[in-house]
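# Architecture and fold: a report
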Amino acid sequence: MRAAVLHLAFAGLGAQHAVSGAYEDNTASLEVSRKLGYREDGIERHAVRAEPAVLRRLRLTAEQWQQQQMVPVTIEGLPECLPWFGLE
């Protein structure tokens, strides 16, 4: 699902980058992001249930996505939807 959204963002809507984040104890989410090509983009410190927690920020550029894309994705019917995204 995340690969489809990234393909829509980059190939369909012309996004330059995508950002994501996960708390460092959410290894499954971090691994999915890394597998898709995201790279570390810093950390944020938060309090979760009154306990310190570290959020790892991740960033993926359009160029990195093109090099890393492993899942074939096609877009159908996008031109009719572009006005909903503020694009013509």
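For the structure itself, consult the block above.
Computed from a predicted structure; not experimentally measured. (Residues numbered from 1 in each chain as written. Predicted model: local features only at pLDDT ≥ 70, side-chain atom pairs only at ≥ 80, totals over all residues. Heavy atoms only, no water.)

## Some points on the pattern of salt bridges
Inspection of every chain in the model, using the stated rule, returns six salt bridges. Here E40 makes a salt bridge to R56, at a shortest N to O gap of 3.9 Å. In this pair, E40 sits in strand β2 (residues 39-48) while R56 sits in strand β3 (residues 51-61), placing the two residues 16 residues apart along the sequence. For E40, a relative accessible area of 41% translates into the label partly exposed. Take R56: its relative accessible area is 25%, and that puts it in the partly exposed class. Across the pair E44 and R57 runs a salt bridge, and its minimum N-O distance is 3.6 Å. (Salt bridge = Lys/Arg side-chain N within 4 Å of Asp/Glu carboxyl O. Helix = DSSP H or I, 4+ residues; strand = E, 2+ residues; numbered from the N terminus. Buried < 20%, exposed > 50% of the residue type's maximum accessible area, 1.4 Å probe, protein only.)

## Focus: the pairing of β3
As paired elements, strand β1 (residues 17-23) and β3 share seven bridges and run antiparallel to each other. Note on β3: the bridge partner recorded for A18 is L60. As paired elements, β2 and β3 share eight bridges and run antiparallel to each other. Counterpart to E40 in the pairing with β3 is L58. The antiparallel pairing of β2 with β3 creates a hairpin that spans two residues between the two strands, and R49 there sits at a positive phi of about 55 degrees. (Pairing = 2+ DSSP bridges.)

## What about the nonpolar core?
Ranked by size, the top nonpolar core spans 12 residues in total: A3, L6, F10, A18, A22, L30, L36, Y38, L58, L60, A62 and W65. Elements with a contribution of two residues or more to this core: α1 (2-12), β1, β3 and α3 (62-68). Ranked by residues supplied to this core, first place goes to α1 with three residues. Ignoring sequence-local partners within four residues, the contact set of L60 consists of L6, F10, Q16, H17, A18, L36, G37, Y38 and W65. (Core = buried A, V, L, I, M, F, W, Y, C linked by side-chain atoms within 4.5 Å. Contact = heavy atoms within 4.5 Å.)

## Describing the sheet that holds β1
Taken in spatial order, the three strands line up as β1-β3-β2 in an open sheet, and their pairing is antiparallel. Each of the sheet's edge strands pairs with one partner strand only, and the pair in question is β1 and β2. Averaged over all adjacent pairs, the angle separating strand axes in this sheet is 25 degrees, with direction ignored. Relative to β1, α1 is tilted by about 150 degrees, and along the sheet it contacts β1 and β3. (Axes fitted to C-alpha atoms, helices over the stretch in contact; angles between N-to-C directions.)

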